[in-house]
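Analysis of the macromolecular model
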Amino acid sequence: MDMSVTVSAAEGEPQREKAEAKTIARGANASDLDAWLEKVEALGELKRITAEVDPDLEAATITYLVGGQKSPALLFENIKGHPGHRALYNMIGCNLSRFCLMIGEQPVDHPLKAVQILQNKLGRKMPPKEISPDQAICNQNIVEGDDIDIRIFPAQRMWPLDGGMYLGTGDAVITKDPETGRINVGTYRMMIKGPREVGVYTSPGKDATIDREKWWKMGKPMPIAAAYGIDPLLFLVAATSLPKTECEYDYYSGINGAPIEVFTSDLTGLPLPARAEIVLEGFLYPDETFAEGPFGEFTGYYGRPSGATPFMRVERVRYRDNPTLTCALMADTAANEAGLFWAALRSAGVWADLQKLGVPGIKGVWSIPEAAGWGITVVSIKQMYAGHAPQVMALAAQCTAGAYFGKYVIVVDDDIDPTNVNQVLWAMATRSRPAQSIDILRETWSTYLDPSLNPPEIRPWGSKCLINACMDYRFIKSFSKRTKLSKDAYENVVARWQELGLSGTPPVISVFEDEKSSEV
């Protein structure tokens, strides 16, 4: 089966002469993405790559090779076949400092501090600010109808078996519930089908899927818009499972501390992010699908191949001069560009949900970035009553923030740092009892992208494993004492670190022995 639209040599070069558009007079040519990049560069965490790089596999290969460790954001400024265009990869990567900039904060020294800041900010939603379309940077150039050729933008093929060139990876896709008017902003993969057609893959249960089904049930096409070259914070809220009755714009504004600027399109009626650098608008029509994919997904495996996927008929393209395409490499382990911020958002959401449910003693929540961002969540608690740890496990697994996809929930005692995988594994090995400490939840909400669920027809139903890695509460007072450092000895060593000729900085330790030895 032909899995994508084949472009011949004669058709392969985008019709740039068609893409000449009316230019809107405006002031400073600066976007929210520009402002963020300035801050990243000031931190010394932006790498400008001026050598020519091919968007077909090469840019993604570079990103994967450097993205498995703390690495700079990569701004490709010389993209083969796309003069005047740029592409940004590794926006956050596994760098806590850039995540902090994403949420409008100065860098912190521990992931849980960032999670707590984000948790507080998630509770201060505010609506967007409507502005005039002539103030929107994306309206510097507007192309309509048959003059459109979306191939002018440097769409990427990231993995050798990807089904085509993907324009949408680091995107924000805007849809509307036709019954309630709720606006949804989500992140969905978008493979180019033709000059005016781009696929929109959405998993079952996702908000855009629900919106689409409602429009189509009414016999109407769904209005849709996709924004690229966006503020990384907009990518963060778009790529996260937030309550289905609420709008991601409100969360963006609350985290940002100021409302996002939007303008209402006279084509689709959707509120569009005014400071995005590229916006496509159009409609999804009932029963118009194509064979999209496969695509290298966040699990580190190829996602659902050759599925019948709806595509947007693009009616209008808006873009700033010399735009930047935001790209997000989905990959295994730490190279997954969304791993860290998914981890922080899920952690903040689960922590907040547990607090709303009145569960006491929560000391920290962390979703391990290297485990596909959402795959493993660890909760640290101060055990206060019988059944406390099992209660936390069950609620963390099925609360709003934790329900989607995650496979493992591990609960540990408060002397364990949930962000320290070594400590978590140690607690599992020494405190859990496999026959008594593991529970399984079945028929939970998963994803068609989970490669472990076979045959594929059983998706998106999944399961969850709940692991109690806490000391047995019935015997917590007599549980074998763990070895702990002396606080005085630790502080003495820290003070002498350089004198001792040791490199780097000493590890931060917060758990110390509080008893005196009877032998001293």
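Fair warning: this is a prediction, and the values are worked out from it, not measured in the lab. In this convention, every chain numbers its residues from 1, walking through the sequence in written order. Where totals are concerned, whole chains, interfaces and linings use all residues; where local detail is concerned, this predicted model gives features only for residues with pLDDT of at least 70, and gives and counts side-chain atom pairs only at 80 or more. Side-chain figures throughout are based on the complete set of non-hydrogen atoms in the structure, without hydrogens or water.

1. Section: empty space enclosed by the protein
We place a 1 Å grid over just the protein atoms. Points where a 1.4 Å probe fits but has no way out form a cavity, open points with protein on both sides within 12 Å along at least 5 of 7 lines form a pocket, and any residue with an atom within 4 Å of a point lines it. Grid points are joined across faces, edges and corners, and a volume is the space filled by probe spheres set on the points. One pass over the full model with this rule turns up 3 cavities of 30 Å³ or more. By volume, the largest cavity amounts to about 60 Å³. Contributing to the lining of the largest cavity are Asp32, Ile230, Asp231, Leu234, Tyr252, Ile260, Pro273, Ala274, Arg275 and Ala276. The calculated volume of the second largest cavity comes to roughly 50 Å³. If you go around the second largest cavity, the residues you meet are Arg346, Thr377, Ala396, Ala397, Gly402, Gly406, Lys407, Tyr408, Val409 and Lys464. Going through the elements one at a time, α10 (388–398) and β20 (408–413) are the ones with two or more residues in the lining of the second largest cavity. Each helix is a run of DSSP H or I of at least 4 residues and each strand a run of E of at least 2, with the numbering of both proceeding from the N terminus.

2. Focus on helix α5 (residues 111–122)
The end-to-end C-alpha distance of α5, which contains 12 residues, comes to 16 Å, matching closely the 16 Å that a straight helix rising 1.5 Å per residue would cover. With a 1.4 Å probe rolled over the protein chains alone, any residue whose accessible area is under 20% of its type maximum counts as buried; one over 50% counts as exposed, and the rest are partly exposed. Those residues of α5 not exposed but buried are Leu112, Ala114, Val115, Leu118, Gln119, Lys121 and Leu122. Two residues form a contact once any of their heavy atoms are found within 4.5 Å. If you follow the buried residues of α5, they end up packed against α4 (96–102), α8 (248–256), α9 (339–356) and β18 (362–367). Each helix should span, by expectation, one fewer than its residue count multiplied by 1.5 Å.

3. Concerning a nonpolar patch on the surface
A cluster of nonpolar side chains, namely Met384, Tyr385 and Tyr473, defines an oily patch on the protein surface of about 260 Å² accessible area. Secondary-structure assignment places Tyr385 in the loop between β19 (376–381) and α10. Relative accessible area serves as the criterion here: at 30%, Tyr385 is assigned to the partly exposed category. Surface patches are drawn from residues lacking salt bridges whose relative accessible area is over 30%; two like charges belong together within 9 Å, two nonpolar side chains (Val, Leu, Ile, Met, Phe, Trp, Tyr) within 5 Å. Areas reported as accessible are Shrake-Rupley estimates using a 1.4 Å probe. Residue values count occlusion only from the protein chains shown. We count a salt bridge whenever a side-chain nitrogen from Lys or Arg sits within 4 Å of a carboxyl oxygen from Asp or Glu.

4. Some details on the pattern of salt bridges
Applying the stated rule across the entire model yields 34 salt bridges. Arg316 serves as the salt-bridge partner of Glu144, at 2.7 Å between the closest nitrogen and oxygen. Taken together, the residues span a long stretch of sequence, with Glu144 in strand β6 (residues 141–144) and Arg316 in strand β16 (residues 307–319) at a distance of 172 residues. Here Arg316 falls in the buried class, since its relative accessible area comes to 11%. Note that Glu197 and Arg313 form a salt bridge whose closest N and O atoms lie 3.5 Å from each other. Here Arg313 lies in strand β16 and Glu197 lies in strand β11 (residues 197–199), a separation of 116 residues in the sequence. Connected via shared salt-bridge partners are Asp34, Glu41, Arg48, Glu77, Arg86, Glu277 and Arg320.

5. Re the packing of α5 against α8
One way to put it is that α5 packs onto α8 with a least axis distance of 8 Å and a crossing angle of 125°. As far as their axial angle goes, α8 and α5 are oblique. In this structure, α5 crosses over α8, and the sense of that crossing is right-handed. Residues Leu118, Lys121 and Leu122 of α5 pack against Tyr251, Gly254 and Ile255 of α8. When residues are grouped by polarity, Ala, Val, Leu, Ile, Met, Phe, Trp, Tyr, Cys and Pro land in nonpolar, Asp, Glu, Lys and Arg in charged, and all others, Gly among them, in polar. Considered class by class, the residues forming the contact of α5 with α8 number 4 nonpolar, 1 polar and 1 charged. Lines fitted to C-alpha atoms define the axes here, with helix axes fitted over just the stretch in contact, and angles between the N-to-C directions of these axes take values from 0 to 180 degrees. Put simply, angles under 35 degrees are roughly parallel, angles over 145 are roughly antiparallel, angles from 65 to 115 are roughly perpendicular, and the rest are oblique. Left-handed describes a crossing whose near helix is turned anticlockwise from the far helix by less than a right angle; the clockwise case is right-handed.

6. Describing the packing of aromatic side chains
Aromatic rings from Phe, Tyr and Trp, with only the six-membered ring used for Trp, were paired whenever their centres fell within 6.5 Å, and each pair was classed as stacked if the ring planes differed by under 30 degrees, edge-to-face if by over 60, and tilted otherwise. A full pass over the atoms with the stated rule returns 15 aromatic pairs. A centroid spacing of 5.3 Å and a plane angle of 50° characterise the contact between Tyr490 and Phe512, whose relative ring orientation is tilted. In this pair, Tyr490 is assigned in helix α13 (residues 487–495) and Phe512 in the segment after α13, connecting sequence segments 22 residues apart. Of the two residues, Tyr490 and Phe512, both sit in the buried class. Ring-pair connections join several aromatic residues into one group, and the members of that group are Phe235, Phe298, Phe341, Trp342, Trp374, Tyr404, Phe405 and Trp445. We call a charge positioned over a ring when the NZ of a Lys or the CZ of an Arg lies within 6 Å of the ring centre and within 35 degrees of the ring normal. When the ring centre of Tyr404 is taken as reference, the NZ or CZ atom of Lys206 above it lies at 3.8 Å. Taking the ring centre of Trp216 as reference, the NZ or CZ of Arg212 above it sits at 5.3 Å.

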